[in-house]
Amino acid sequence: EVQLVESGGGLAQPGRSLRLSCVASGFNFDDHAMHWVRQAPGKGLEWVSGISWTGGQTGYVNSVRGRFTISRDNSKNALYLQMNSLTTEDTALYYCARDIFRSVTTVDYWGQGTLVTVSS
Amino acid sequence: QSALTQPASVSGSPGQPITISCTGTSSDVGNFNLVSWYQQHPGRAPKLIISEVTKRSSGVSHRFSGSKSGNTASLTISGLQADDEADYYCCSYVGGRTFVVFGGGTQLTVI
């Protein structure tokens, strides 16, 4: 069974940093690209970032490019999102998600999410 | 990269069919056969129901089907059931530096 468990969310002040983690199990982690997708309270889904199976390709939504960094450690079956210079607009539930393929194209499985609240 | 355009809400009666549209551009929906659809019930994580425009995920009812024409993709649910009431999101691969974009979501109400 595919499992994705996120952690690292919490309350942060504007301008501060947080690092999200996601531990995967139930599948060959290094055979799949991975994603972070967020959902602000009462709002729709927003793709945030994705990384290919080797980590060689990464992509970001324009609003986080230059502030967020996605990475992975295939030896630990782990995905990360380093979030710097947080703003109140980054408040959301952050989902870790798996791609069907090795390249970043299509999310299939989702974790349960970790909540990030940015507030002074 | 702008979000894909979906109707904010649709409704239908049990047993009736409904279609949800997802309009993009020639740079995303129109350029790749990598449109997917997700169902999200309140308080739950999204669930993949359709990938690559028409492929139903394992375990998903045959009542769900996907299609695409030009820059618009569509999700059709035949024979609406009460449990179909949920939010539905389309998604497309866009390439470039932003790989993926979602639609704004459609709230389906089964009357």
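Each chain has its residues counted from 1, running along the sequence as written. Naming scheme: in the order in which they are written, chains are lettered from A and ligands are numbered from 1. Selection of residues for local features in this predicted model requires a pLDDT of at least 70, selection of side-chain atom pairs for listing and counting requires 80 or more, and totals for whole chains, interfaces and linings are taken over all residues. To obtain the side-chain values, all non-hydrogen atoms of the structure were used and water was disregarded.

Participant: Describe the packing of aromatic side chains, naming the residues involved and giving the relevant values.
Facilitator: For Phe, Tyr and Trp, where Trp contributes only its six-membered ring, two rings pair if their centres lie within 6.5 Å, and the inter-plane angle classes them as stacked under 30 degrees, edge-to-face over 60, or tilted in between. Scanning the model with the defined rule gives seven aromatic pairs over all chains in all. Arranged with centres 6.3 Å apart and planes meeting at 50 degrees, the rings of Phe27 of chain A and Phe29 of chain A form a pair that is tilted. Seen in terms of ring centroids, Phe32 of chain B and Tyr93 of chain B are 4.8 Å apart; in terms of plane orientation they differ by 80 degrees. Their pairing is edge-to-face. Here Tyr93 of chain B lies in strand S8 (residues 86–93) and Phe32 of chain B lies in the loop between strand S2 (18–23) and strand S3 (35–40), a separation of 61 residues in the sequence. Under the scheme used here, helices are H or I runs from DSSP no shorter than 4 residues and strands are E runs no shorter than 2 residues, and both carry numbers assigned from the N terminus.

Participant: Mind laying out the sheet that holds strand S7 (residues 72–77) of chain B, listing which residues take part and the relevant values?
Facilitator: Residue and element names in this part refer to chain B. Two strands are counted as paired when DSSP detects at least two bridges linking them. Here we have three strands laid out as an open sheet, ordered S2-S7-S6, and antiparallel in their pairing. Since the sheet does not close on itself, it has two edges, and those belong to S2 and strand S6 (64–69), each with one partner. Averaged over neighbouring strand pairs, the angle between their axes works out to 20 degrees when direction is ignored. Relative to S7, S2 runs antiparallel, the two being bridged by six bridges. In the strand pairing of S7, Thr23 is matched with Thr72. Note on geometry: axes are C-alpha line fits, over the in-contact stretch for helices, and angles between N-to-C directions span 0 to 180 degrees.

Participant: I'd like a rundown of the side chain of Ser49 of chain A, residues and numbers included.
Facilitator: Residue and element names in this part refer to chain A. Within the secondary structure, Ser49 is located in strand S5 (residues 45–51). Think of it in three bands: residues with accessible area under 20% of the maximum for their type are buried, residues over 50% are exposed, and the middle band is partly exposed, with areas taken using a 1.4 Å probe on protein chains only. Overall, the relative accessible area of 0% leaves Ser49 in the buried class. Contacts described as polar in this section are N or O atom pairs within 3.5 Å, which, within protein, must combine one atom able to donate a hydrogen with one able to accept it, while residues neighboring in sequence count only if both atoms come from side chains. Among the polar contacts made by the side chain of Ser49, one reaches the main-chain carbonyl oxygen of Gly59 at a distance of 2.9 Å.

Participant: Give me the nonpolar core: which residues, what numbers.
Facilitator: Residue and element names in this part refer to chain A. The biggest cluster of nonpolar side chains holds 27 residues, and the ones touching the most others in it are Leu4, Trp36, Phe68, Leu79, Leu81, Met83 and Tyr94. Mapped by element, the contributors of at least two residues to this core are strand S3 (18–25), strand S4 (34–39), S5, strand S7 (68–73), strand S8 (78–83), strand S9 (92–99) and strand S11 (114–118). If you tally residues by element for this core, the top one is S3, at four residues. Met83 has contacts with Arg16, Ser17, Leu18, Leu20, Arg67, Phe68, Tyr94 and Val116, leaving out every residue within four places of it along the chain. In this description, a nonpolar core means a group of buried Ala, Val, Leu, Ile, Met, Phe, Trp, Tyr and Cys residues linked to one another through side-chain atoms lying within 4.5 Å. For this analysis, residues touch if any pair of their heavy atoms sits within 4.5 Å.

Participant: Go over the interface of chain B and chain A with me, naming the residues and quoting the values.
Facilitator: Opposite the 20 residues of chain B that make contact, chain A presents 27 residues. When chain B packs against chain A, the two sides together hide about 1800 Å² of surface, and 62% of this comes from carbon and sulfur. Note on terms: buried area is the combined drop in 1.4 Å-probe accessible area of two parts once they are placed together, counting the loss on both. Of all residues in chain B, Arg97, Phe99 and Phe102 of chain B give up the largest surface area on contact with chain A, accounting jointly for 31% of the area buried on that side. The tally of links between chain B and chain A comes to eight residue pairs in polar contact (both at pLDDT 80 or more).

Participant: Break down the state of the cysteines for me, citing the residues and quoting the values.
Facilitator: When the sulfur atoms of two cysteines come within 2.5 Å, that pair is taken as a disulfide. Scanning all chains against the criterion turns up two disulfides over all chains. Residue pairing for Cys22 of chain A: its cysteine sulfur links by disulfide to Cys96 of chain A, the two sulfurs lying 2.1 Å apart. One quick way to see it: the torsion about the S-S bond of Cys22 of chain A and Cys96 of chain A is about -70 degrees, and its sign makes the bridge left-handed. Pair noted here: Cys22 of chain A is in strand S3 and Cys96 of chain A is in strand S9, with a separation of 74 residues, a long-range link. Two residues, Cys22 of chain B and Cys90 of chain B, share a disulfide whose sulfurs are 2.1 Å apart. Of note, the bridge from Cys22 of chain B to Cys90 of chain B carries an S-S torsion of about 75 degrees and is right-handed in sense. Of this pair, Cys22 of chain B sits in strand S2 while Cys90 of chain B sits in strand S8, and the two are 68 residues apart along the sequence. A single burial state applies to Cys22 of chain B and to Cys90 of chain B, both of which are buried.

Participant: Tell me about the layout of surface pockets, and please be specific about residues and values.
Facilitator: Over the atoms, a rolled probe matching the size of one water molecule traces out where space is still vacant. Cavities and pockets were defined on a 1 Å grid built from protein atoms only: a cavity is a group of points that admits a 1.4 Å probe but offers it no way out, a pocket is an open group of points flanked by protein on both sides within 12 Å along at least five of seven lines, and a lining residue is one with an atom within 4 Å of any such point. Grid points are joined across faces, edges and corners, and a volume is the space filled by probe spheres set on the points. In this structure, the largest pocket encloses a volume near 480 Å³. In this structure, the largest pocket is lined by 15 residues; those nearest its centre are Asp108 and Tyr109 of chain A together with Pro46, Lys47 and Leu48 of chain B. Of all elements in the fold, only strand S10 (107–110) of chain A together with S3 and strand S4 (47–51) of chain B reach the threshold of two or more residues within the lining of the largest pocket. Per element, the largest residue contribution to the lining of the largest pocket is three residues, and it comes from S10 of chain A. Residues were grouped as follows: Ala, Val, Leu, Ile, Met, Phe, Trp, Tyr, Cys and Pro as nonpolar; Asp, Glu, Lys and Arg as charged; and all remaining residues, including Gly, as polar. For the lining of the largest pocket, a count of residues per class yields six nonpolar, six polar and three charged.

Participant: Now, about the pattern of salt bridges: what can you tell me, with residues and values included?
Facilitator: Residues and elements named next belong to chain A. In what follows, salt bridge is the name for a side-chain nitrogen of Lys or Arg lying within 4 Å of a carboxyl oxygen of Asp or Glu. Summed over the entire model, instances satisfying the criterion amount to seven salt bridges over all chains. A salt bridge links Asp31 to Arg102; the nearest nitrogen and oxygen atoms lie 2.8 Å apart. Here Asp31, found in the loop between S3 and S4, pairs with Arg102, found in the loop between S9 and S10; they are 71 residues apart in sequence, far enough to count as distant. Overall, the relative accessible area of 28% leaves Asp31 in the partly exposed class. The residue Arg38 makes a salt bridge to Glu46 at a minimum N-O spacing of 2.7 Å. Glu46 gets classed as partly exposed once you look at its relative accessible area, which sits at 29%. Each of Arg38, Glu46, Arg67 and Asp90 takes part in salt bridges that share partners, so that together they form one network.

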